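Chain by chain, the residues:
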Amino acid sequence: TAYRPRFFAFAVTPFKYPDNCELPRRGLGGEGDPLARMANERPRERKARGLLSSYYGVGASGADPFDLDGPNFNSDKYVSRLLENQSLSDLVHQGNDMVTEIKSLDSDMQMLVYENYNKFISATDTIRSMKHKVEGMEEQMNQLASNMETIIESNRSITCNVTGRRGQLEKLNGVRKLLVKLQFLFELPAKLQHCVDTGEHAKAVQYYQAATSILKHYGHLASFQSIHDEAVDIMARLRTKLTELLAGVQPSLNKLAETVRLLLLLGGKEDELLQRFVAQSRALIARGLDALPPLVEQDQEDSSPAERMSAYCKSASDAYMPSVLEMTSSFAQLFPSTTSGGASSSSAAPAPSNAAIARRLAILQQAMDETFNAYAKLVTSAAHADAGSDDGRPAVEPLRLAIRALVEPARKIATAGAHVRLDQDALAKRAMLLGAELARGGIAAELRRFGDVANAAVVQLCADGLAPAGGAALVKVGAVRKLVHVACSRVIEAIDAAIQHVRPLLLALPAQGLVQELVETLIGTIARFVAQVREGKLLEPFLTGAGAHAEPSALFLCTAVCVELAQRMRTELQRLVAGHLMFAQPEYSAPLPIQQVVLQLEETADALNVRCVDLLARDLGEVLRSAVASTDWLVLPKPRAVSPYVEAVISHAARVLATFGCLFNDAPSGAQGRQQWVPTGVMPAPKQYTSRMKQAQLSASMIQSDIDRMFSRKISLQAQPAQSTRAAVGRLIKLSLKTLCELVRCTTLGRHGYQQLQVDACMLRWALQECVDDTTVLQALIDEVMTSAHERCLQPDPIETELIEALCDAKRQQLAAQPAGHAGGAGEPSS
């Protein structure tokens, strides 16, 4: 009956008195009191003491009624003793300890039953099985004892009968063995011929090898000589047949190795057979690789490039790897003297020299290199043929599969070739180089795609940010910052995507320096992109159909892109690249040459900045040249308004203010959204001018005039990039006023023509003094224009100051009355 334990749960709530409750103690026992000693014992110590006492019988004869674990325990006496000797708090503490001990014992019992339950069940099954098996064992043992007695009796009888004739029997057995050998020798020619006719060449060689030593030993006997000669003749014909088979097309490497082995056993030349074996093995592997279907024939509409490449690499590896490994293994077995330097496969052949061994190993190494090159050519061709993807970027997974298909077989072959004393690193290095070439091709293709994406981002920016002709600015002022940020984000994201896309290639070949090459190629690609932006090659298709007004706008947008890219490259490129490359090559920690890229971007931004302002100055110069050339300054009537070309100068200045204010964020208030810049300050007092010749005459001497001219301020026209909006306007006005000065020097003026220039110069000084960064240069250039006009005038009579102020104020009111976006120009007549 199985034991079914029953467990009882004890729910005892310990009683506690308040901490401030003190009761009188009665009859406390001393240190020798057993009740006090047992109360002070911990539950586990008391349990251990009880178990040891029960096992060794210690105290079993005693009758201690206060021993909780003893057989004579009396609960009434135990409780009475506690009540007499313990205080109330000690009783409460003792009760709590007993409750804890009861629960602990209950848990221990449950745990013991759980742990031993399976053992009980298993023991029950074992006992039941033993009972069934032992029932018939007695009968079997009796039968075995009877059989042993019979065998012993038979052995005793045979020993008695054979003891006297043992020597004779051994002699007869030796004669029998000799007769068997003689029968084998006499039947040898027939067996050899039968094996040759039926194609069992290995058995024929085995028979011949077994009989050779006997035939040579008894060759002086005529009967054995004839057998030997006939066997030699048959083996000669077999050797000829095997040589012909070796020269033909081999069905498999196993058959080839068997043929070479038989020829070696028949005394063939080891060097010649080694060369033929290697050549035939190479031909077999080449035929297996040539039989592979091209990757195009394996193409399926529902399969991805990675799946196609995986299937092709598996087919190529299955056709190449087993054959090469079998060739290596067969070579080691056939030519052990070459692979290990030991004895030759033929006992009669001497061991080859070191030079011969090196020559033979070179033959095998060349064959393995040639077969690997053929295999690698198939794999790399398939990788290049399947390197495209649907999204326009190079497919990296086929390249990674191709690299793995090159590296893993090379490692296995190098491991297998270790016992044939080949160069283990040559093939692995070759595979690594080929894999690195594939990886470099994938990296280059991905970075070319990055360059295309970056170029497209800049072209799209120019198309979206270009303002209509005659607008208040060169670009769409309200949207230019967002458009530039989007274009720069596309460039940064393209860098991120490129590195993320080629990371599997870096992981496939972590020790080939690809990480450093990727970084260098990436920096070079960014540099080429910046160079194309600087040279304007990206803008040629865009500017072809956009019109002449689009070129300054495109140059400004490219400037803005370079400025923001320089800032973002400085902060984001190192973190972005390092975040990807530390997974591919953790030890790579070289800093990127970011400063070089940032410097190139800043130089490009400065160059484009200068070109943009120079183009605007060139256009304004053409307007001035047309205005001056179309006016007859000799017969011009008395001034009634400011000349139209002044409005063109102010219009260009306003466009530069509105445009470059988006870049430097420092445009004057009122410059955004208006076609013209309206002067708001106090009109400067008109100046009266005289020619340099009269100035020299009025001077104390000509030397003093020359000294004054020597120390006068020189105005530089060198190309300096504008670092603020007013600096850009200042360069535009500087070039324009220089152009106007040269035009005036080539023109003859009448009295009213000179007065008209006086009005125009006053209006320019008033309108432009708040737009430029250096008003001193502005004043000097206007003074130079008027000085030249005074020298070229036939009757330089100045106009009244009140009339100049009235005409300029009328022009200011006209400019203020124009709506935003109105396009005034040089061709519009003044009222």
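This is a predicted model, so every value here is computed, not measured.

**Let's talk about the overall build of the protein**
When its secondary structure is counted, the protein shows 27 helices and zero strands. Within the protein, buried positions represent 41% of all 831 residues. The contacts of the protein with a sequence gap of at least 6 include a subset with a gap of at least 24, amounting to 80%. Summed over all atoms, the accessible surface of the protein reaches about 45400 Å², with 55% contributed by carbon and sulfur.

**Examining the pattern of salt bridges**
In this structure the tally under the stated criterion is 26 salt bridges. Two residues, Arg-156 and Glu-153, come together in a salt bridge whose shortest N-O distance is 2.8 Å. Here Arg-156 and its partner Glu-153 are both found in helix 5 (residues 137-162), three residues apart, which amounts to about one turn of the helix. Note on Arg-156: relative accessible area 45%, which makes it partly exposed. Using a relative accessible area of 48% as the deciding quantity, one classes Glu-153 as partly exposed. In this structure, Glu-572 engages Arg-568 in a salt bridge whose closest nitrogen and oxygen atoms are separated by 3.2 Å. Pair noted here: Glu-572 and Arg-568 are both in helix 19 (residues 550-584), with a separation of four residues, about one helical turn.

**Quick look at the side chain of Ser-788**
Tracing the backbone through its elements, the reader meets Ser-788 in helix 26 (residues 775-792). On the basis of relative accessibility, which here comes to 1%, the residue Ser-788 falls in the buried class. With residues near it in sequence (within four places) discarded, Ser-788 still touches Cys-741, Val-744 and Arg-745.

**Some remarks on the packing of helix 25 (residues 751-768) against helix 27 (residues 801-817)**
Direction vectors running N to C along helix 25 and helix 27 enclose 50°, while the axes themselves pass 9 Å from each other. Taken together, the axes of helix 25 and helix 27 are oblique relative to one another. When the axes of helix 25 and helix 27 are compared, the crossing they make is right-handed. Contacts from Gln-758, Val-759, Cys-762, Met-763 and Trp-766 in helix 25 reach Ile-804, Leu-807, Cys-808, Asp-809, Lys-811, Arg-812 and Leu-815 in helix 27. Grouping the amino acids of the contact of helix 25 with helix 27 by side-chain chemistry returns eight nonpolar, one polar and three charged.

**Structural notes on the packing of helix 21 (residues 644-664) against helix 25**
Closest axis-to-axis distance for the helix 21/helix 25 pair is 10 Å, and the angle between their directions is 15°. Compared by their axis directions, helix 21 and helix 25 come out roughly parallel. Considering the relative orientation of helix 21 and helix 25, their crossing is right-handed. The residues of helix 25 that touch helix 21, namely those facing Tyr-645, Val-646, Val-649, Ile-650 and Ala-653, are Leu-757, Asp-760, Met-763, Leu-764, Ala-767 and Leu-768. Broken down by class, the residue content of the contact of helix 21 with helix 25 amounts to 10 nonpolar, no polar and one charged.

**Focus: helix 16 (residues 480-508)**
End to end, helix 16 covers 43 Å across 29 residues, agreeing with the expected 42 Å (1.5 Å per residue, within 8%). A bend of about 40° at Val-502 is the largest found in helix 16, and the proline Pro-504 appears one to four places after it.

**Some remarks on a nonpolar patch on the surface**
Together, Met-130, Val-134, Met-137, Met-141, Leu-144, Met-148, Ile-151 and Ile-152 give the surface a local cluster of nonpolar side chains, amounting to about 770 Å² of exposed area. When contributions to the nonpolar patch are tallied by element, the ones reaching two or more residues are helix 4 (88-134) and helix 5. Of the residues forming the nonpolar patch, the biggest block, six residues, is contributed by helix 5. On the secondary structure map, Leu-144 appears in helix 5. For Leu-144, a relative accessible area of 46% translates into the label partly exposed.

**Side note on the confidence of the model for the protein**
Looking at the protein, the pLDDT average stands at 77 and 77% of residues meet or exceed 70. The low-confidence segment residues 342-348 (pLDDT under 50) makes 13 contacts with residues lying over four places distant or belonging to another chain.

**Digging into the side chain of Ser-736**
Structurally, the position occupied by Ser-736 is in helix 24 (residues 725-745). Those residues in contact with Ser-736 that lie beyond four places of it in its chain are Leu-620 and Leu-624.

**A look at the packing of aromatic side chains**
If you walk through the whole model with that rule in mind, you get seven aromatic pairs. Judged by centre distance (6.4 Å) and plane angle (55°), the ring pair of Tyr-320 and Phe-372 falls under tilted. Residue Tyr-320 is found in helix 11 (residues 305-334), and its partner Phe-372 is found in helix 13 (residues 354-385); the two are separated by 52 residues along the sequence. Between Phe-372 and Tyr-375, the aromatic rings sit 6.2 Å apart at their centres with planes inclined by 50°, giving tilted as the arrangement.

**Comments concerning the environment of Leu-401**
Of note, Leu-401 is situated in helix 14 (residues 396-416). Taking the C-alpha atoms as reference points, Leu-401 and Met-309, 92 residues apart in sequence, are found 7.0 Å from one another. Excluding its chain neighbours within four sequence positions, the residues that come into contact with Leu-401 are Ala-306, Met-309, Ser-310 and Cys-313.

**Here's the deal with the environment of Leu-636**
In this structure, Leu-636 sits in the loop between helix 20 (594-629) and helix 21. Overall, Leu-636 belongs to the buried group, its relative accessible area being 19%. The spacing of Leu-636 and Gly-753 is 117 residues in sequence and 5.6 Å in space, taken between C-alpha atoms. Discounting residues that sit within four places of it in the chain, Leu-636 has contacts with Thr-631, His-752, Gly-753 and Gln-756.

**Digging into the environment of Thr-259**
Topologically, Thr-259 is positioned in helix 9 (residues 253-265). Sequence separation of Thr-259 and Arg-239 is 20 residues, and the distance between their C-alpha atoms is 9.7 Å. Beyond its immediate sequence surroundings of up to four residues, Thr-259 is in contact with Leu-242 and Leu-246. Polar contacts involving the side chain of Thr-259 include one to the main-chain carbonyl oxygen of Lys-255, which spans 2.9 Å.

Conventions adopted
Residues numbered from 1 in each chain as written. Predicted model: local features only at pLDDT ≥ 70, side-chain atom pairs only at ≥ 80, totals over all residues. Heavy atoms only, no water. Helix = DSSP H or I, 4+ residues; strand = E, 2+ residues; numbered from the N terminus. Buried < 20%, exposed > 50% of the residue type's maximum accessible area, 1.4 Å probe, protein only. Contact = heavy atoms within 4.5 Å. Areas by Shrake-Rupley, 256 points an atom, 1.4 Å probe, with all protein chains shown as cover. Salt bridge = Lys/Arg side-chain N within 4 Å of Asp/Glu carboxyl O. Axes fitted to C-alpha atoms, helices over the stretch in contact; angles between N-to-C directions. Parallel < 35°, antiparallel > 145°, perpendicular 65-115°, else oblique. Left-handed = near helix turned anticlockwise from the far one by under 90°. Nonpolar A, V, L, I, M, F, W, Y, C, P; charged D, E, K, R; others polar. Expected span 1.5 Å × (residues − 1). Bend = angle between axes of the 7 residues up to and from the residue. Patch = residues over 30% accessible without salt bridge, like charges linked within 9 Å, V, L, I, M, F, W, Y side chains within 5 Å. pLDDT = per-residue confidence, 0-100. Phe/Tyr/Trp six-rings, centres within 6.5 Å; stacked < 30°, edge-to-face > 60°. Polar contact = N/O pair within 3.5 Å; in protein donor to acceptor, adjacent residues only side chain to side chain.

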